[in-house]
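Chains, contacts and geometry: an overview
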Amino acid sequence: MDDFNDEVLLEMERLSDDGEYVLQEVEDQVVAVDGVKLGNKGIPVVEWVESDGKPNSLYFVDGVRRIDYVMVYEDEDKKIPDKKNLPEKKKRRREAYESNLIKCGLQLEATRSVLDDKIIFVKVHAPWEVLCIYAEAMHIKMPLQPDDLKPKSSNFSCLTKLFSADESIIKPEQEFFTAPFEKDRLSDFHILDKDLFFTPSTRSRIIHYILCSVEYAVSRDNVKKVGIEKLIESGVYKAAYPLHDTRFNYMSEDLTCPNERYLLYREWAHPRSFYKLQPLDLIRKYFGEKVGIYFAWLGYYTKMLLLAAVAGICCFG
């Protein structure tokens, strides 16, 4: 994606009442340049669309681009202006922030809620090129080639199978040798499908990193104000979060949906599955490595407590 002219953006900055330089309001008239909506003063703006009537969809209205993150805010135009003009300040901050997100290569699509027309959902999608750039910058380890090392057999393998998740429902994940991602060595990585190479949890991790590092204003002391968390704290946005792939208690009607959340609930979180071993591979794939490591440690810790409990019963029971 071509870089936008920084001088154009600089000309559009102005000093607000609280001493912040932010982008001026983006006017309604827009033009398209390289697939990006630009205001008539050259500022990138969010593309507005009508709801597609698919509440469980994981994609933009075009059905191709995946929703990697969602930002939610309340439309200031639906509010009554106050003396301090706070809604207008929030609107300018948000427009500046979203403009800078688009400059980073993210694609944004805004949709008004069908239940409450004051609520706006801004859907965020990261193209392949953006994912590659930030995966390399974040040193994310990605699969190189399948692991051909044979796992060691255990005398308790038959016993553990009785307590494992049904492999016909949760298929075992293939193991890979991994290395920090480098976009100049794409041929070395195990890329069968670009849309599936980065898992949803990895995509969400990259998007969150971008959202937390993009600026939206510069104070009078030339201090940059950055990040979605500060914007949520100041009320510019109500929330920001990645989407689950489906509801936890039933499968999605979308045939392309992997239904991993439903499978985790059925084979792991449901009370009737209390005796089963944790499907750590699927937990790591769906929630990410940090959550996977947490539950791996928690499972080991619980096992050790069971041994202590048995010893206590034998001694004091």
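Residues numbered from 1 in each chain as written. Predicted model: local features only at pLDDT ≥ 70, side-chain atom pairs only at ≥ 80, totals over all residues. Heavy atoms only, no water.

With respect to the overall build of the chain
Looking only at helices and strands, the chain has ten helices and 13 strands in total. Split into buried and exposed, the 317 residues of the chain put 36% on the buried side. Of the roughly 20,100 Å² of accessible surface on the chain, 54% is carried by carbon and sulfur atoms. (Helix = DSSP H or I, 4+ residues; strand = E, 2+ residues; numbered from the N terminus. Buried < 20%, exposed > 50% of the residue type's maximum accessible area, 1.4 Å probe, protein only. Areas by Shrake-Rupley, 256 points an atom, 1.4 Å probe, with all protein chains shown as cover.)

What to know about the sheet that holds strand β7 (residues 107-112)
An order of β5-β7-β8-β6-β13 is seen for the five strands of this open sheet, with the pairing classed as mixed. In this open sheet, the two edge strands, each paired with only one partner strand, are β5 (47-48) and β13 (239-241). Packed onto the sheet, helix α2 (residues 86-103) meets β6 (69-74), β7 and β8 (119-125) and runs at close to 165° relative to β6. The strands touched by helix α6 (residues 200-213) within the sheet are β6 and β8, with β6 carrying the most contacts at an inclination of about 45°. (Pairing = 2+ DSSP bridges. Contact = heavy atoms within 4.5 Å. Axes fitted to C-alpha atoms, helices over the stretch in contact; angles between N-to-C directions.)

Topic: the packing of helix α3 (residues 128-137) against α6
Running from N to C, α3 and α6 point in directions that differ by 80°, and their axes come no closer than 10 Å. Accordingly, the angle class assigned to the pair α3 and α6 is roughly perpendicular. Of the residues in α6, those in contact with V130, L131, Y134 and A135 of α3 are R203, I206, Y209 and I210. (Parallel < 35°, antiparallel > 145°, perpendicular 65-115°, else oblique.)

Describing the pattern of salt bridges
On inspection of all chains with the given rule, the structure shows 16 salt bridges. With its nearest N and O atoms 2.7 Å apart, the salt bridge here joins D68 to R203. Taken as a pair, D68 in the loop between β5 and β6 and R203 in helix α6 lie far apart in primary sequence, 135 residues in all. Each member of the pair, D68 as well as R203, is classed as buried. When the shortest N-O distance is used, the salt bridge between D77 and K91 registers 3.6 Å. (Salt bridge = Lys/Arg side-chain N within 4 Å of Asp/Glu carboxyl O.)

Structural notes on the nonpolar core
If you look at the biggest cluster of nonpolar residues, it comprises 38 residues, and the most contacted ones within it are M71, Y97, L101, F198 and I206. Elements represented by at least two residues in this core include exactly β6, α2, β7, β8, α3, α6, β11 (215-219) and α7 (228-233). Here the element with the most residues in this core is α3; it accounts for six residues. Leaving out residues up to four positions away in the same chain, M71 has contacts with Y97, L101, I120, F121, V122, V124, L211, I228, Y237, A239 and A240. (Core = buried A, V, L, I, M, F, W, Y, C linked by side-chain atoms within 4.5 Å.)

Let's talk about the environment of G105
Relative to the assigned elements, G105 resides in the loop between α2 and β7. Sequence spacing of G105 and E129 is 24 residues, and the spatial spacing of their C-alpha atoms is 8.3 Å.

Overview of helix α9 (residues 280-287)
Among the residues of α9, those classed as buried are L282, I283 and Y286. The arc that holds every buried residue of α9, seen down its axis, measures 105°, which confines them to one face. Those residues of α9 that are buried lie in contact with α6, α8 (260-269) and α10 (289-316). One or two residues past the end of α9 sits G288, with phi positive at roughly 105°. (Arc of directions from axis to C-beta.)

Examining the confidence of the model for the chain
On average, residues of the chain carry a pLDDT of 84, and 82% of them reach 70 or more. When the criterion is pLDDT under 50, residues 1-15 qualifies, and its contacts beyond four places in sequence or with other chains add up to 34 contacts. (pLDDT = per-residue confidence, 0-100.)

Looking at the state of the cysteines
Scanning all chains against the criterion turns up zero disulfides. No disulfide involves C314; its sulfur sits 6.6 Å from that of C315, the nearest cysteine. You can call C314 exposed: its relative accessible area is 63%. (Disulfide = S-S within 2.5 Å.)

Focus on the packing of aromatic side chains
Following the criterion strictly, the structure yields 17 aromatic pairs and no others. Here the aromatic rings of Y134 and Y209 are separated by 6.1 Å at their centres, their planes lie at 65°, and the arrangement is edge-to-face. Pair noted here: Y134 is in helix α3 and Y209 is in helix α6, with a separation of 75 residues, a long-range link. Where W268 meets F295, the ring centres are 4.9 Å apart and the plane angle is 85°; that geometry is what we call edge-to-face. Linking W268 in helix α8 with F295 in helix α10, this pair joins segments that are 27 residues apart in sequence. Sitting over the ring of Y73, R94 keeps its end group 3.6 Å from the ring centre. (Phe/Tyr/Trp six-rings, centres within 6.5 Å; stacked < 30°, edge-to-face > 60°. Lys NZ or Arg CZ within 6 Å of the ring centre and 35° of its normal.)

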